[in-house]
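Survey of secondary and tertiary structure
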Amino acid sequence: MIVDSIRLENFRNYKDIELNFCDGINIFQGLNGQGKTNLLESIYICSVGKSFRTSKDIEMINHEKEYFTVNVGIKNDATDKIFIRYDRQKQKAIAVNGIFLRKSGQLMGALLCVLFCPEDLLILSDGPSRRRRFLDIAISQLNPLYYYNLQQYTKLTAQKNVQLKQIKKNPKQKDVLFVWNEQIAEYGSKIIAERIKFIDVLKDLANESHAYISEYKEQLVLEYENTIELNEYDERHIKETYIKTLEKIMQREIEREVSLIGPHRDDISFRLNDLELKKYGSQGQKRTAVLSLKIAEIEIMKKNTGRIPILLLDDVMSELDKKRQEALLSYVKGVQTFITCVDSESFDQLKDTQNYIFNISDGAVSKL
Ligand SMILES: Nc1ncnc2c1ncn2[C@@H]1O[C@H](COP(=O)(O)OP(=O)(O)OP(=O)(O)O)[C@@H](O)[C@H]1O
Ligand SMILES: [Mg+2]
């Protein structure tokens, strides 16, 4: 799929702009604080419905305005346009191909997009919630039902936590937990099964691209870390084990007043040449590993959907040595790519006349 146009109204520091993009590499260059990342963000929200920098949509409305709109035109795909409007009354409207969606979750999959930004390094160095978020966004784009199950699971877990507090005060109510656990295991097992399936494919592809970029010196091994001990990975078995484990730890959950096991506590482990990457990896090795994850994600999207996602790279080029820049761009040939950088002149790989270069200065965009 190709994003061939965008129109922004009152989005962050853009008042009203309209741009056309090329099928290959689109470069946004400009000094710090001019609006490069804002532009990537506006494309990204058409894919996931939310920003990658903030959970507060209101921050994306221009300070002086009451609402923002984003209009994206797409070609070579069943989706041909996406529209988002958000206002200070917190009303969000999303339309795909001119049809307004009832729930924003229905947007998942309309525009397939893989983003790499500096914060992605936190996937490796931060706590497990980053890694779960990475998995959840990646799988939701491929499988909107996964997103729905995840929402249900999150809601149920929050409600169960409220119950646990009450039961601690009044243990006679304990029996209601069986009902909650049954429902949680129903959704939770679907989520775990999907995640394990996804990691299974992801780990081989990520290892392949990591090996390529590191000139076959490094081996990357990924593994899903379950809080429920499993011997088999089909959904039925997961659910049975899930319920049994919940029964075993019921008393402990009441004591602690929180749900202690399940997808909201699971993690992914990353090992490089048999050492834990988080503890022993260098900055460059971590960056390469995350890059490999993203490349793997593109490959999975291509395979599973027959559609080619777009790639958004925020401030990535300047952090990579020449060899790795080259490897990255050769790996993603055929994928429409949006790159931000301070000065495209310093990247030999970008000096292709086919690429579009946009100068960005204080919310004004001019094509070179
Ligand atoms: N809601 C908003 N309304 C108006 N301006 C905003 C809003 N949100 C952010 N900005 C402005 O956008 C600018 C930052 O844009 P952006 O993050 O895209 O910069 P950038 O070009 O990516 O810079 P860098 O190279 O430092 O990453 C800042 O000047 C900020 O004040
Ligand atoms: Mg930026």
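Shown above is the structure to which this text applies.
Here is what the cut-offs are and how they apply
Residues numbered from 1 in each chain as written. Chains lettered and ligands numbered in written order. Predicted model: local features only at pLDDT ≥ 70, side-chain atom pairs only at ≥ 80, totals over all residues. Heavy atoms only, no water. Near = heavy atom within 4 Å. Polar contact = N/O pair within 3.5 Å; in protein donor to acceptor, adjacent residues only side chain to side chain. Nonpolar A, V, L, I, M, F, W, Y, C, P; charged D, E, K, R; others polar. Phe/Tyr/Trp six-rings, centres within 6.5 Å; stacked < 30°, edge-to-face > 60°. Buried < 20%, exposed > 50% of the residue type's maximum accessible area, 1.4 Å probe, protein only. Helix = DSSP H or I, 4+ residues; strand = E, 2+ residues; numbered from the N terminus. Lys NZ or Arg CZ within 6 Å of the ring centre and 35° of its normal. Salt bridge = Lys/Arg side-chain N within 4 Å of Asp/Glu carboxyl O.

What to know about the site of ligand 1
The local shell around ligand 1 holds 16 residues, among which Gly33, Lys36, Thr37, Asn38 and Arg53 are the closest. Between an oxygen atom of ligand 1 and a side-chain N or O atom of Asn32, the distance comes to 2.9 Å. A distance of 2.7 Å is found between an oxygen atom of ligand 1 and a backbone nitrogen or oxygen belonging to Gly33. Classifying every residue of the shell around ligand 1 gives two nonpolar, nine polar and five charged.

Things to note about the packing of aromatic side chains
The description of an aromatic ring pair uses the distance of the two centres, along with the angle that the planes make with each other. Counted under the stated rule, the structure contains 10 aromatic pairs. When the centroid spacing of 5.1 Å and the interplanar angle of 85 degrees are considered together, the rings of Tyr44 and Phe52 count as edge-to-face. As far as burial versus exposure is concerned, Tyr44 and Phe52 are alike and both buried. Taken together, a centroid distance of 6.1 Å and an interplanar angle of 85 degrees make the contact between Phe83 and Phe100 edge-to-face. Of this pair, Phe83 sits in strand 5 (residues 81–87) while Phe100 sits in strand 7 (residues 99–100); the two residues are 17 residues apart in sequence, bridging distant segments of the chain. Aromatic rings pair up to connect Phe21, Phe28, Phe338, Tyr356 and Phe358 into one cluster. Just above the ring of Tyr356 sits the side chain of Lys367; from NZ or CZ to the centre is 4.2 Å.

Description of the pattern of salt bridges
Close approach of charged atoms allows side chains with opposite charge to pair. Counting across every chain of the model gives 26 salt bridges. We note a salt bridge from Asp16 to Arg7, for which the minimum N-O separation is 3.0 Å. Since its relative accessible area comes to 46%, Asp16 is described here as partly exposed. Here Glu235 and Lys190 are joined by a salt bridge, their closest N and O atoms 3.2 Å apart. With Glu235 in helix 6 (residues 235–248) and Lys190 in helix 5 (residues 176–213), this pair connects stretches of sequence that are 45 residues apart. For Glu235, a relative accessible area of 36% translates into the label partly exposed.

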